[in-house]
Amino acid sequence: MEFQRDGGVARIFLNRPQKVNALDSALLEALAAAFGKVDDSVHVVVLGGYGKAFCAGADVNELASLDETSARAFIQRVHRACDAARKVPVPVVARLHGTVIGAGLELAAACDLRIAARGTRFAMPEVRLAIPSVVEAALLPRLVGAGRAAWLVLTGEAIDAERAREWGLVEEVADEVDRAVSQVVDSLLAADRDALRAQKDLLHLWQEQPLAASVAASIDRFARSYAGGRP
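Keep in mind that what you see is a predicted model, and the values were worked out from it rather than measured. Going along each chain's sequence as written, the residues are numbered from 1 onward. A pLDDT threshold of at least 70 governs which residues receive local features in this predicted model, and a stricter bar of 80 or more applies before side-chain atom pairs are shown or counted, although totals over entire chains, interfaces and linings include all residues. Values reported for side chains reflect all heavy atoms of the structure, with hydrogen atoms and water molecules removed beforehand.

## Some thoughts on the overall build of the protein chain
Using the following cut-off: Numbering of helices and strands runs from the N terminus, with a helix taken as a DSSP run of H or I at least four residues long and a strand as a DSSP run of E at least two residues long. Atoms counted for the radius of gyration: C-alpha only. Globule rule: 2.2 Å times residue count to the power 0.38. Type-normalised accessible area, obtained with a 1.4 Å probe on protein chains alone, sets the label of each residue: buried when under 20%, exposed when over 50%, and partly exposed for intermediate values.
A tally of helices and strands in the protein chain yields 10 helices and nine strands. Scaling as 2.2 N^0.38, a compact globule of 231 residues should have a C-alpha radius of gyration of about 17 Å, and the protein chain matches this with 18 Å. Projecting the C-alpha coordinates of the protein chain onto the three principal axes gives extents of approximately 60 × 40 × 35 Å. Of all 231 residues assigned to the protein chain, the portion counted as buried reaches 44%.

## So, the packing of aromatic side chains
Defined as follows: The rule is short: rings of Phe, Tyr and Trp, with Trp giving its six-membered ring, pair when the centres are within 6.5 Å, and they are stacked under 30 degrees, edge-to-face over 60, tilted in between.
What the rule picks out here adds up to three aromatic pairs. Judged by centre distance (4.6 Å) and plane angle (10°), the ring pair of F13 and Y50 falls under stacked. Of this pair, F13 sits in strand 2 (residues 9-14) while Y50 is found in the loop between strand 3 (44-49) and helix 2 (60-64), placing the two residues 37 residues apart along the sequence. Assessed through its relative accessible area of 14%, F13 is described here as buried. Overall, the relative accessible area of 27% leaves Y50 in the partly exposed class.

## Observations concerning the sheet that holds strand 5 (residues 99-101)
Picture the strands of a sheet paired through backbone hydrogen bonds; they go either parallel or antiparallel. What counts here: Only when DSSP finds a minimum of two bridges between them are two strands counted as paired.
The three strands are arranged 5-7-8 in an open sheet whose pairing can be described as mixed. The two strands at the open ends of the sheet, each matched to only one other strand, are strand 5 and strand 8 (159-160). Both strand 7 (residues 121-123) and strand 8 contribute to a ladder of two bridges, which runs antiparallel. What sits directly across from R121, in strand 8, is D160.

## Focus: the environment of A10
What counts here: Contacts are assigned to residue pairs that have any heavy atoms within 4.5 Å of one another.
Considering the arrangement of structural elements, one finds A10 in strand 2. The class of A10 is buried, set by a relative accessible area of 0%. For the pair formed by A10 and D160, sequence separation is 150 residues and the distance between their alpha carbons is 28 Å. Discounting chain neighbours no more than four positions away, the residues touching A10 are F3, Q4, R5, V42, V44, V45 and V46.

## Topic: the nonpolar core
We apply this condition: Nine residue types can take part in a nonpolar core, namely buried Ala, Val, Leu, Ile, Met, Phe, Trp, Tyr and Cys, and a core is a set of them joined through side-chain atoms within 4.5 Å.
Grouped together as the largest cluster of nonpolar side chains are 51 residues, with contacts concentrated most on F35, V45, L47, F54, L96 and F122. No other element matches the six residues that helix 3 (residues 68-87) contributes to this core. Judged by nonpolar contacts, the second largest core, of 14 residues, contains V9, V44, L188 and L196.

## Here's the deal with the pairing of strand 4 (residues 92-96)
Counting buried residues in strand 4 gives five out of five residues, a clear majority hidden from the surface. Here strand 4 shows no split at all, with V92, A94 and L96 on one side and V93 and R95 on the other all buried. Relative to strand 4, strand 3 runs parallel, the two being bridged by three bridges. From the neighbouring strand, V46 faces strand 4, where its bridge partner is V93. By the bridge criterion, four bridges tie strand 4 to strand 6 (residues 113-117) in an arrangement that is parallel. The residue of strand 6 that forms the bridge with A94 is R114.

## Things to note about the side chain of K200
For clarity, the threshold we go by: Distance and chemistry together define a polar contact, namely a pair of N or O atoms within 3.5 Å, with one atom able to donate a hydrogen and the other to accept it when in protein, and with adjacent residues in sequence counting only for side-chain atoms on both sides.
Within the secondary structure, K200 is located in helix 9 (residues 193-208). Among the residues examined, K200 registers a relative accessible area of 4% and is labelled buried. In terms of polar contacts, K200 uses its side chain to reach the backbone carbonyl oxygen of V88, at 2.8 Å. Ignoring anything within four residues of it in the chain, the contact list for K200 reads A85, R86, V88, P89, V90, P91, V92 and D112.

## Side note on the side chain of E62
By the element assignment, E62 lies in helix 2. In terms of polar contacts, E62 uses its side chain to reach the side chain of S25, at 2.4 Å. Among residues more than four places away in sequence, those in contact with E62 are D24, S25 and F74.

In structure tokens:
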């Protein structure tokens, strides 16, 4: 795991390229810890992966070694890493390339915005390994709709970046992914930091709460933005 900071931008990189950034317990714990380093000086986080792919999913060697007890502990680590991306108070932009598979796709889904290099492939193949897709796979229906989420997790078949964009799984497909990510980061840096944090919090609230509760919370946040005078 590598953590870099450049002004208001924190960059977190999965750094296990010899294993296509497959997520084992050590990498998952390091990832959750990296998100824990994001402090009040950070305006936006970029999450990427070194090597030929963003993430090839959970480490198959560790998966093969699990029993019922250790499986529960492992999948909880996957959830904690994904949840850390969702809970960090600033926007998280996923820089995706190569393959984005299984737990790697769950991690990408936990980010706020997803930019994919052209040619990136996405898949949720767990059923082919005799296990279900779980934890942050629950975000997929919210992103792509129930039918498309069902297609991903039931067939295990891959989709390309263009289809991922059509389905709403990624926001942009780019020939020059670093340039596209930089443009999004610049847009986020141009926004008011406190308003951006409030907006991320509201986005998550809108996903999880009934409409009436979401509207009430939004009214309260809007009024609070005027505390002490005009924003």
